[in-house]
Each structure stands twice: as C-alpha cells, then as structure tokens.
Amino acid sequence: MSLYATLEEAIDAAREEFLEAAQDRIHDDEEPVPDQFNLQKYIMQDGDVMWQAEFLSGEGDSIEALTFRSGAAAQAIFDEDYDQIELEEEWQEEATLYEWDEGEYQHEPPLDTEEGKAAAEEWDDEDEYPGRDID
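The shown structure was predicted, so the numbers you read here are calculated from the model rather than taken from an experiment. (Residues numbered from 1 in each chain as written. Predicted model: local features only at pLDDT ≥ 70, side-chain atom pairs only at ≥ 80, totals over all residues. Heavy atoms only, no water.)

A. The overall build of the chain, seen in detail. For the chain, the count of helices and strands is 4 helices and 5 strands. Written out in order from the N terminus, the α and β elements of the chain read α-β-β-β-α-α-β-β-α. When each of the 135 residues of the chain is scored for burial, the buried share is 39%. Intrachain contacts of the chain at a sequence separation of at least 6 include 58% that bridge at least 24 residues. If you sum the accessible surface of the chain, you get close to 8600 Å²; carbon and sulfur atoms cover 40% of it. (Helix = DSSP H or I, 4+ residues; strand = E, 2+ residues; numbered from the N terminus. Buried < 20%, exposed > 50% of the residue type's maximum accessible area, 1.4 Å probe, protein only. Contact = heavy atoms within 4.5 Å. Areas by Shrake-Rupley, 256 points an atom, 1.4 Å probe, with all protein chains shown as cover.)

Right, here's the structure in full:
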C-alpha cells in the first residue's frame, strides 16, 4: 500500500500507475480513460495525514478506498482539472481511517493506549478536519 503526504502526490502516483497498467490493454492510438477515481484518507498514529488514490477503467482490482468520483468527474481529476481544496472539503470525515497499529486501520482513533488517547485528544482539540491546515 502506497501512502502519500499530500493529495496531489497521491493523485499523481495514481495517474502514473493507471497509465502503466493501461499500456497492456490499449492500442497505439488510444488514450486510457478512467471511469472511476477512488480515494482514501488516513490519520496515522503520529497525527500525520496520508492519502491513497486510484484511477480505474472498470477492470482490475481496486484498493480498499472510497469511490470518490466517477465518469466525467474522474476524467477531470485525471486531466488535472480539479481544485485540491475543493476535493479536501468534500471529503467525508467519517470515511477517514485511523491507524491503530502498523498496517491496521479503523474509522475511529484508538483509545486503549496512551498514544491513542493523546492523538484522539489532539484530533478532537484541533478542529473538525484533523491534519489539515485551514487558513
């Protein structure tokens, strides 16, 4: 699983992976067209925000992520015609996954350890968008 510190990095990596995977399926003059854009936001134990993104063309295995956009909206993100702030604002916080243990994630921050309690307090104290700076 590849996680990225910024949404932009995650989208760029997803675009590259999609293009590499599409090389085997398309002919010389065709351009690959994504049908779906999947996105997942993670809050790590240290409070860092990480992102995972994926473009799909209706075929292949998907990462465990929320289908965030499909059709023309997925294509717009693929074509870099999107507003990163808008995407982050539209993210549903209840879909965020919190790291409980290395490689293990759940929809709630862990509360059974001192680190988990401290992180949960930080997430609750900061703002309703943990890990994201809002000016």
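Continuing now.
B. Geometry of unusual backbone geometry. Phi at glutamate 80 is positive, roughly 65 degrees, even though this residue is not glycine. Looking at the element boundaries, glutamate 80 is found in the loop between helix H2 (72-78) and helix H3 (84-90).

C. Just the pairing of strand S2 (residues 49-56), in detail. Of all 8 residues in S2, 8 are buried; the element is thus mostly enclosed. Here S2 shows a buried face lined by Val49, Trp51, Ala53 and Phe55 and a second buried face lined by Met50, Gln52, Glu54 and Leu56. In this structure, strand S1 (residues 36-43) lies alongside S2, joined through 8 bridges in antiparallel fashion. Across the sheet, residue glutamine 40 finds its bridge partner in S2, namely glutamine 52. In this antiparallel pair of consecutive strands, S1 and S2, the connection spans 5 residues, and glycine 47 shows a positive phi of 95 degrees. (Pairing = 2+ DSSP bridges.)

D. Broad picture of the pattern of salt bridges. In the structure shown here, the tally under the stated rule is 4 salt bridges. As a salt-bridge pair, lysine 41 and glutamate 93 come within 3.2 Å of each other at their nearest N and O atoms. Of this pair, lysine 41 sits in strand S1 while glutamate 93 sits in the loop between H3 and strand S4 (97-101), and the two are 52 residues apart along the sequence. As far as the burial class goes, lysine 41 and glutamate 93 line up, both buried. One salt-bridge network, in which partners are shared between bridges, spans Asp12, Arg15 and Glu80. (Salt bridge = Lys/Arg side-chain N within 4 Å of Asp/Glu carboxyl O.)

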